[in-house]
Amino acid sequence: MRPFFPPKEPGRPIFVAHRGASDRALENSPAAFALAASGGADMIEFDVRLSSDGVPVVFHDDRTGRTAKENLAVARTAAARLRTVRLKNGEKLPFLADVLEIVGGKVPINIESKAPGGIAAAAKALSKAGYGGELLLSSGLRDECLAARDLLPAVPCGLVTRRPSASDLAFCLRHGLSSIHPDRRLLTVLRLRKVAASGIPFLPYTVDDPEEAFALLAAGAVGVFSNRAQFIKGMYLRQFPDG
């Protein structure tokens, strides 16, 4: 299994800024990434889709309407057209190259591929940028995880899943994935025990309640994805100063 890189303080859980500092700025926006990076986030997670001409765009949904001023299908729109789109906070829709420049290796990043070919496009963008920061890849598409293992074997990769099944755990173990990222809403006590027993590091998403986060950590999670990552991290450090 590819090792999941540890937090800066051994033994302390990782609080991942889900789509940037999305409690203080629009999700997946340049402002959200800048805030998370300048605030020393443990890690910043964001989503990558491809434009119709194969350029990696940082956007969660398959259409832009929820967080942008126009409603376009990302996969059916050319990069040049997407570059004219403004988010609802007035900023430009970011591409992967833009986010790599904003973060600049200051904190680790988690690139989640939402579309076939996303990992390959991300690998090219990372190479072109000469990006040397700490990196975690992930996807809910198994073929994308396999592409990560093939194209960037030295980079850890996690499987995103809703309900972690025996098949999911076996896939992670068989292909040397570093972690599994399940939906916290579908983690029963029994499933938590099975995931913990597998030995695969797990980080549930999206956990915005501090007490729920602490309970998941107590059950074996190595960290959580949260829209309130910095806030929950602060509470954790006050409540558990020794980690």
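Structure shown above.
Cut-off values and rules
- Residues numbered from 1 in each chain as written.
- Predicted model: local features only at pLDDT ≥ 70, side-chain atom pairs only at ≥ 80, totals over all residues.
- Heavy atoms only, no water.
- Core = buried A, V, L, I, M, F, W, Y, C linked by side-chain atoms within 4.5 Å.
- Buried < 20%, exposed > 50% of the residue type's maximum accessible area, 1.4 Å probe, protein only.
- Contact = heavy atoms within 4.5 Å.
- Helix = DSSP H or I, 4+ residues; strand = E, 2+ residues; numbered from the N terminus.
- Polar contact = N/O pair within 3.5 Å; in protein donor to acceptor, adjacent residues only side chain to side chain.
- Arc of directions from axis to C-beta.

1. Topic: the nonpolar core
The biggest cluster of nonpolar side chains holds 51 residues, and the ones touching the most others in it are I44, F46, L96, I109, I111, L137 and I180. Here F46 is in contact with N28, F33, V58, L96, V99, I109, N110, I111 and E112, once residues within four sequence places are set aside. Grouped together as the second largest cluster of nonpolar side chains are 11 residues, F59, L72, L87 and L93 included.

2. Some points on the environment of D209
Turning to its location among the elements, D209 is positioned in the loop between α7 (189-198) and α8 (210-218). In the structure, D209 is positioned 17 residues away from S226 in sequence and 8.7 Å away in space, judged by C-alpha atoms. Of the polar contacts made by the side chain of D209, one reaches the backbone nitrogen of E212; its length is 2.9 Å.

3. Brief notes about helix α3 (residues 96-103)
Considered for burial, the residues of α3 that qualify are L96, V99, L100 and V103. In a view along the axis of α3, the buried residues occupy a sector of 100°, so they form one face of it. Lining the buried residues of α3 we find α1 (30-38), β2 (43-50), β3 (56-58), β4 (109-113) and α4 (118-129). Residue G104 follows α3 closely and has a positive phi angle near 60°.

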